[in-house]
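# Examination of the molecular architecture
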Amino acid sequence: MTVAVFGASGQIGHFLLPRLRARGEPVLAVSRHPHADEDGLRWVRGSLPDGVPALPPLRAVVSFGPLQPFARWLASAAPAEAPRVVATSSMSAQSKAASDVPAEREIARQLAEGEEELAAACARLGCAWTVLRPTLIYGAGRDKSLTPIARRAMRTRIFPRPAGQGLRQPVHADDIAQAAIAAIDRPADRVLMLGGGERLSAGEMFARVQRSLPVATLPLPLPAWLLRLGRHAAPRLRGPLARLEQDLVADNTELEAWLGIHPRPFRPDAGCWRP
């Protein structure tokens, strides 16, 4: 039986596809863009929720894309084989729910609604399911958080180092891929938080990113008073700057109990920032 993967060309799919193929699982990757087939891997063109072609019988369906379109596709496609379902959400469903930035509250609302829609669709179809809620993702050079900072610093040779005592728990994309495979084998029928194996201050997180770069960069400290000014001068940065003093962490207790996954500590190297 085949495993279908939506969002396979993204940062988590980068690690998931070879792991599935190493297990001998035939993989059907759905993408909006054409890709070359490989041994054990077939690509099909499609987009959620209404542009997905008919799929063959499936053992499991994994999605790393937006939750609501995926939930609506699943509900309408109604695969008769009741495949196991694994999808990723985000800890933003919690961390941005009480933000004073309306757009961030809307993101949290959509994530929460997507989780609920997917759980309801799986219940109707009899599909065992798991939703993974990762913290800040890194590792494949495709994230939109740490990688842009690292690459900008490599170009300019200057690394801005904002002050921040809020705790962070970055999670490697490969650890999420391993959790997805474990969830195929042992569905949890629940939302599981998924953070990295180490909690550290935001300031220390940025310092480790700087130390991991393959070129020397000059640290540029950004003190707290300057960040407060930035929150007023640049409204689009108000949410991210405010969260530098907030803890954005996950409790991995259920993840470890249900899936047996123990994510790695934050030890980035230069390869984490390459595409």
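Everything below is about the structure printed above this text.
Scope of this entry: the structure provided in the associated data block. (Residues numbered from 1 in each chain as written. Predicted model: local features only at pLDDT ≥ 70, side-chain atom pairs only at ≥ 80, totals over all residues. Heavy atoms only, no water.)

With that settled, consider the overall build of the protein chain. Regarding its fold elements, the protein chain presents ten helices and 13 strands. Expected size for 275 residues packed as a compact globule is a radius of gyration near 19 Å; at 19 Å, the protein chain falls within 12% of this value. Principal axes of the C-alpha set define a box for the protein chain whose edges measure 60 × 40 × 35 Å. Restricting to contacts in the protein chain with at least 6 residues of sequence separation, those with at least 24 account for 77%. Surface accessibility of the protein chain: about 12900 Å² in total, with carbon and sulfur atoms responsible for 54%. Separation of charge centres in the protein chain, based on 35 positive and 26 negative side chains, amounts to 7 Å. (Helix = DSSP H or I, 4+ residues; strand = E, 2+ residues; numbered from the N terminus. Rg over C-alpha atoms; globule rule 2.2 N^0.38 Å. Contact = heavy atoms within 4.5 Å. Areas by Shrake-Rupley, 256 points an atom, 1.4 Å probe, with all protein chains shown as cover. Lys, Arg positive; Asp, Glu negative; His and termini not counted. Charge placed at Lys NZ, Arg CZ, Asp CG, Glu CD.)

Turning our attention to the nonpolar core. Counting residues in each nonpolar core, the largest one holds 35 residues, and the members touching the most others are Val 5, Leu 16, Leu 20, Val 62, Leu 132 and Leu 259. Aside from chain neighbours lying at most four places away, what touches Leu 20 is Val 3, Val 5, Glu 25, Val 27, Ile 181 and Ile 184. In this structure, Val 44, Leu 58, Ala 87 and Trp 129 belong to the second largest nonpolar core, which totals 21 residues. (Core = buried A, V, L, I, M, F, W, Y, C linked by side-chain atoms within 4.5 Å. Buried < 20%, exposed > 50% of the residue type's maximum accessible area, 1.4 Å probe, protein only.)

What the rule picks out here adds up to 18 salt bridges. Residue Glu 104 is joined to Arg 243 by a salt bridge in which the shortest nitrogen-to-oxygen separation is 2.6 Å. Placement of the pair is Glu 104 in helix 4 (residues 102–125) and Arg 243 in the loop between helix 9 (238–242) and helix 10 (253–259), with a sequence separation of 139 residues. Across the pair, exposure class does not vary: Glu 104 and Arg 243 are buried alike. (Salt bridge = Lys/Arg side-chain N within 4 Å of Asp/Glu carboxyl O.)

What follows covers the sheet that holds strand 5 (residues 84–88). One open sheet accounts for seven strands, arranged 3-2-1-4-5-6-11; its pairing is parallel. The two strands at the open ends of the sheet, each matched to only one other strand, are strand 3 (41–45) and strand 11 (190–194). This sheet shows a mean twist of 20° between the axes of neighbouring strands, independent of strand direction. Sheet topology note: the strand 2 (residues 27–31)/strand 3 ladder contains five bridges and is parallel. If you follow Leu 28 over to strand 3, its bridge partner there is Arg 42. Against the sheet, helix 1 (residues 13–22) engages strand 1 (2–6), strand 2, strand 3 and strand 4 (58–63), with an angle of about 180° to strand 1. Here helix 4 sits on the sheet in contact with strand 5, strand 6 (129–134) and strand 11, set at roughly 165° to strand 6. (Pairing = 2+ DSSP bridges. Axes fitted to C-alpha atoms, helices over the stretch in contact; angles between N-to-C directions.)

The end-to-end C-alpha distance of helix 6 (residues 173–185), which contains 13 residues, comes to 19 Å, matching closely the 18 Å that a straight helix rising 1.5 Å per residue would cover. With respect to burial, helix 6 is a largely interior element, eleven of its 13 residues being buried. (Expected span 1.5 Å × (residues − 1).)

Our next topic: the environment of Gln 210. For Gln 210, the position within the fold is in helix 7 (residues 202–212). One polar contact links Gln 210 to Arg 161, side chain to side chain, over a distance of 2.4 Å. (Polar contact = N/O pair within 3.5 Å; in protein donor to acceptor, adjacent residues only side chain to side chain.)

Applying the stated rule across the entire model yields five aromatic pairs. Consider the rings of Phe 70 and Trp 73, whose centres lie 6.0 Å apart with planes at 25°: the pair is stacked. Taken together, the positions of Phe 70 and Trp 73, both in helix 2 (residues 67–77) and three residues apart, correspond to about one turn of that helix. Taken together, the ring pairs connect Phe 6, Phe 70 and Trp 73 into an aromatic cluster. (Phe/Tyr/Trp six-rings, centres within 6.5 Å; stacked < 30°, edge-to-face > 60°.)

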